[in-house]
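For reference, the chains in residue letters:
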Amino acid sequence: MSNIINPHRFAAAGFDNTYSVLNDGVADYVGGCDEQIGTGDVTISLWFKASAVTATKCVWWGGAVTSSNTNAITAYFSSTGNLLTQQPGGGNEGVSGLSADTWYHYCLTRNGSAATGKIYVTAASAGSLATAADITGIGANLSASGRHIQFGRYRNGHFFLNGYTDEVSIWSEEKDVAGVAGLYNSGVPGDLTDSSNLLSWWRMGDGDSGTTVTDVQGTANLSLENGSAFAEVVPS
């Protein structure tokens with residue numbers, strides 16, 4: 001079965017991306033669900049725009065939120081400006097050269113049986129997909145009780161992101177380069193409706209209300225925490 005998203009779907013009538021989530025870098029984040037990813041093949045896709053890339057700030061965290069956090073995978077900026085994707089105690093791979101106040105598409109693909117993956121970080125303005133960075137040692141089990149998916153916060157209260165997060169999706173497959181290019185969609189998020197192997201899709205504001213961030217594909221709703229807010233700022 002092909003994992004290339006139907007390009008005609010991106011132009012489907014009625015799809016509109018207007019909102020993202022804004023975090024203030026102090027205590028805001030998006031969290032509140034136990035997504036059943038497990039140890040198998042997975043793809044995690046999202047868009048982010050950070051106000052600074054040389055401070056330690058977390059883009060996303062998946063896994064245990066206690067001090068014993070080796071069963072986790074995360075992506076965060078180091079103080080030297082690298083965006084690191086890491087399994088604590090395991091693999092660690094950085095992508096450098098990113099700019100502040102710039103929209104990027106981030107995608108991690110994992111082969112579950114080999115515990116290896118690829119990381120793609122591509123500016124929305126680039127127009128074509130960046131070359132992948134390889135990562136090993138990322139076999140964390142992300143399904144056990146107490147292992148959360150959250151955006152803008154590292155583990156249980158560190159490295160809060162000052163910036164925006166938009167159009168997050170999790171897939172039960174290891175997408176190939178063509179599949180990731182379909183998600184990047186030349187720098188503009190697209191409509192994922194009716195896509196195969198899509199576990200969760202959070203629009204990050206579109207169709208949401210109050211503090212609920214709805215999983216429009218599954219049942220793993222998220223919530224705005226500590227003042228996170230929807231904002232009319234999106235990749236374009």
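In the block above lies the structure referred to throughout.
Description of the structure in this document. (Residues numbered from 1 in each chain as written. Predicted model: local features only at pLDDT ≥ 70, side-chain atom pairs only at ≥ 80, totals over all residues. Heavy atoms only, no water.)

**Some thoughts on the overall build of the protein chain**
Looking only at helices and strands, the protein chain features 1 helix and 16 strands. In the protein chain, the share of contacts with a sequence separation of at least 24, taken over all contacts with a separation of at least 6, comes to 69%. A total of about 9,100 Å² of accessible surface is found on the protein chain, and carbon and sulfur atoms cover 46% of it. (Helix = DSSP H or I, 4+ residues; strand = E, 2+ residues; numbered from the N terminus. Contact = heavy atoms within 4.5 Å. Areas by Shrake-Rupley, 256 points an atom, 1.4 Å probe, with all protein chains shown as cover.)

**Some remarks on the pairing of strand E9 (residues 116-123)**
The side chains of a regular strand alternate between the sheet's two faces. Counting buried positions over the 8 residues of E9 gives 6, a clear majority of the element. As paired elements, E9 and strand E10 (residues 133-136) share 4 bridges and run antiparallel to each other. Bridging from a neighbouring strand, glycine 117 pairs with isoleucine 135 of E10. (Buried < 20%, exposed > 50% of the residue type's maximum accessible area, 1.4 Å probe, protein only. Pairing = 2+ DSSP bridges.)

**Observations regarding the pattern of salt bridges**
Overall, the coordinates contain 4 salt bridges when judged by the stated rule. Among the salt bridges present, the one from glutamate 167 reaches arginine 203, with a minimum N-O distance of 2.6 Å. A residue pair is termed long-range when its members are at least 10 positions apart, and glutamate 167 in strand E12 (residues 162-171) and arginine 203 in the loop between strand E13 (198-202) and strand E14 (212-213) qualify at 36 residues. Residues glutamate 167 and arginine 203 agree in their burial class; the two are buried. (Salt bridge = Lys/Arg side-chain N within 4 Å of Asp/Glu carboxyl O.)

**Focus: helix H1 (residues 177-184)**
Within the sequence span of H1, burial applies to Gly179, Val180, Gly182, Leu183 and Tyr184. Buried residues along H1 sit in contact with strand E3 (42-50), strand E8 (103-111), E9 and E12. Residue asparagine 185 follows H1 closely and has a positive phi angle near 55°.

**Digging into the pairing of E3**
Burial runs high along E3: 9 of the 9 residues are buried. Judged by which residues are buried, E3 turns out to be covered on both faces: Val42, Ile44, Leu46, Phe48 and Ala50 on one side and Thr43, Ser45, Trp47 and Lys49 on the other are all buried. Sheet topology note: the E3/E12 ladder contains 7 bridges and is antiparallel. Within E12, the position partnered with serine 45 by the bridge is serine 169.

**Some thoughts on the environment of leucine 46**
When you line up the elements, leucine 46 lands in strand E3. In this structure, the C-alpha to C-alpha distance between leucine 46 and arginine 203, residues 157 residues apart in sequence, is 9.9 Å. Apart from residues no more than four positions distant in its own chain, leucine 46 is found in contact with Val59, Trp60, Tyr104, His105, Tyr106, Phe151, Asp166, Glu167 and Val168.

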